[in-house]
Amino acid sequence: MLAVARDQVLERGQGLSEQQVLEVLRLGDDRLEELLGLAHEVRMRWCGPEVEVEGIVSVKTGGCPEDCHFCSQSGRFPTPVRSAWLDIPGLVEAARQTAATGATEFCIVAAVRGPDARLLSQVRAGIEAIRAEPETRDINIACSLGMLTQEQVDELAEMGVHRYNHNLETARSHFPLVVTTHTWEERWNTLRMVRDAGMEVCCGGIIGMGESLEQRAEFAAQLAALEPDEVPLNFLIPQPGTPYADYDVVEGPDALRVVGAFRLALPRTILRFAGGRELTLGDLGAKQGMVGGINAIIVGNYLTNLGRPAQQDLDMLDELKMPIKALNETL
């Protein structure tokens with residue numbers, strides 16, 4: 001399989017099909033090093049050596065009306081997370097801290113089904129305040145505000161939002177077991193409108209929510225069909241109070257197989273390490289992932305989970321001799 005992938009993906013830049021991804025996900029641990037080596041070659045050939053660094057901040061935390069079974073911010077589950085809003089000075093300070101790490105992307109996130117007028121007004125004010133600060137005026141601003149209408153898509157594009165994140169989360173066939181208050185198709189439609197409006201599309205998901213290997217391959221193929229600019233790979237962090245509180249953490253070798261397989265399915269896409277990598281992979285596994293197809297990373301904390309200190313990740317990139325993508329190259 002990997003010999004076929006070398007010719008198809010590395011030499012011709014054609015991503016693996018769903019069935020081919022499944023074959024990769026079924027490889028034994030004895031082939032893992034070979035898989036990651038090929039995935040790294042593919043990343044270097046089609047994406048280059050730079051690593052894109054991003055920070056994220058939640059402008060509205062908790063109290064979400066949706067029932068995403070993995071999420072501690074759902075108001076439907078007895079989790080410790082409580083609803084809270086971040087004010088504009090707090091948003092600007094988060095952007096300033098993100099920019100200080102050398103990050104080129106700053107993502108404003110809200111736990112909502114979709115944005116209302118109040119939230120969009122706050123996002124607009126936040127973007128204007130970030131643009132007014134010398135330290136942050138040039139950083140690319142992304143948003144993740146749930147499902148959108150066409151009018152809202154147009155408004156965000158007019159604000160200068162660079163990239164919009166809206167995760168499909170999992171394979172279409174598995175989605176009804178993960179979320180019941182909205183559909184996979186509703187998410188897909190938002191992403192199509194975002195792409196048509198000229199914003200970059202960021203779309204990934206979470207591995208370890210009870211999906212089969214076949215569904216992981218299905219998910220990779222569906223992402224490839226969407227052609228996103230960025231795919232954040234999360235690994236489930238079982239959250240107290242949620243339906244997935246007692247789920248097992250994804251084993252390290254399985255997580256690395258996903259990294260390699262998704263790189264081979266998406267040879268030209270920004271593939272970003274996101275939530276759960278610390279728990280699933282630890283320090284050594286994170287390094288293996290970085291030389292196994294990953295070419296972007298979220299630094300600092302996630303939405304309701306602690307990540308690693310940003311400097312620890314920056315030190316890792318320095319140790320691996322991986323250059324951080326410069327801001328002026330992304331504008």
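## What about the packing of helix α5 (residues 117-131) against helix α6 (residues 150-159)?
Then, number 1: It is the contact of α5 with α6, at a shortest axis distance of 10 Å, that shows an interaxial angle of 10°. The angle between α5 and α6 falls in the class roughly parallel. Between α5, through Leu120, Val123, Arg124 and Ile127, and α6, the contact on the second element is made entirely by Gln152, Glu155, Leu156, Glu158 and Met159.
Then, number 2: Per-class residue counts for the contact of α5 with α6 are five nonpolar, one polar and three charged.

## Observations concerning the state of the cysteines
Then, number 1: Enumeration over the complete set of coordinates arrives at zero disulfides.
Then, number 2: No disulfide involves Cys64; its nearest neighbouring cysteine sulfur is the one of Cys68, lying 6.2 Å away.
Then, number 3: For Cys64, a relative accessible area of 10% translates into the label buried.
Then, number 4: Cys107 supplies the cysteine sulfur nearest to Cys143, a cysteine that is in no disulfide, at a spacing of 6.5 Å.

## Quick notes on the pattern of salt bridges
Then, number 1: By the definition in use, this model includes 28 salt bridges.
Then, number 2: Glu66 serves as the salt-bridge partner of Arg113, at 3.0 Å between the closest nitrogen and oxygen. Of this pair, Arg113 sits in the loop between β3 (105-110) and α5 while Glu66 sits in the loop between β1 (52-61) and β2 (84-85); the two residues are 47 residues apart in sequence, bridging distant segments of the chain.
Then, number 3: Looking at Arg113, the relative accessible area reads 33%, which means it is partly exposed.
Then, number 4: A single network of salt bridges, built from pairs that share partners, joins Glu52, Glu54, Glu105, Arg163, Glu200, Glu230 and Arg272.

## Brief notes about the side chain of Arg272
Then, number 1: With respect to the secondary-structure elements, Arg272 resides in strand β9 (residues 270-273).
Then, number 2: In terms of polar contacts, Arg272 uses its side chain to reach the side chain of Glu54, at 3.2 Å.

## Observations regarding the confidence of the model for the chain
Then, number 1: Across the chain, the average pLDDT comes to 92, with 95% of residues at or above 70.
Then, number 2: Under a pLDDT of 50 for its full length, residues 327-331 has, in the predicted model, eleven contacts with residues more than four places off or in other chains.

## Remarks on the packing of aromatic side chains
Then, number 1: Applying the stated rule across the entire model yields three aromatic pairs.
Then, number 2: With 6.1 Å between their ring centres and 65° between their planes, Phe219 and Phe262 make a pair best called edge-to-face. Here Phe262 lies in helix α9 (residues 252-265) and Phe219 lies in helix α8 (residues 213-226), a separation of 43 residues in the sequence. You'll find Phe219 and Phe262 in the same group, each marked buried.
Then, number 3: Ring geometry for Tyr244 against Tyr247: centres 4.4 Å apart, planes inclined by 35°, an arrangement best described as tilted.
Then, number 4: In this structure Tyr247 comes out as partly exposed when scored by relative accessible area, which is 33%.
Then, number 5: Seen from the ring of Trp85, Arg118 lies directly overhead, with NZ or CZ sitting 3.8 Å from the centre.
Then, number 6: Cation over ring: Arg268 sits above Trp46, and NZ or CZ is 4.2 Å from the ring centre.

## A closer look at unusual backbone geometry
Then, number 1: Even without a glycine there, the phi angle at Glu169 is positive, about 75°.
Then, number 2: Mapped onto the fold, Glu169 is located in the loop between β5 (163-165) and α7 (184-196).
Then, number 3: What makes Glu169 buried here is its relative accessible area of 7%.
Then, number 4: Phi is positive for Lys321, which is not a glycine, with a value near 60°.
Then, number 5: In this structure, Lys321 sits in the segment after α11 (310-319).
Then, number 6: Residue classification places Lys321 among the exposed positions, given a relative accessible area of 72%.

Thresholds, definitions, all that
- Residues numbered from 1 in each chain as written.
- Predicted model: local features only at pLDDT ≥ 70, side-chain atom pairs only at ≥ 80, totals over all residues.
- Heavy atoms only, no water.
- Axes fitted to C-alpha atoms, helices over the stretch in contact; angles between N-to-C directions.
- Helix = DSSP H or I, 4+ residues; strand = E, 2+ residues; numbered from the N terminus.
- Parallel < 35°, antiparallel > 145°, perpendicular 65-115°, else oblique.
- Contact = heavy atoms within 4.5 Å.
- Nonpolar A, V, L, I, M, F, W, Y, C, P; charged D, E, K, R; others polar.
- Disulfide = S-S within 2.5 Å.
- Buried < 20%, exposed > 50% of the residue type's maximum accessible area, 1.4 Å probe, protein only.
- Salt bridge = Lys/Arg side-chain N within 4 Å of Asp/Glu carboxyl O.
- Polar contact = N/O pair within 3.5 Å; in protein donor to acceptor, adjacent residues only side chain to side chain.
- pLDDT = per-residue confidence, 0-100.
- Phe/Tyr/Trp six-rings, centres within 6.5 Å; stacked < 30°, edge-to-face > 60°.
- Lys NZ or Arg CZ within 6 Å of the ring centre and 35° of its normal.

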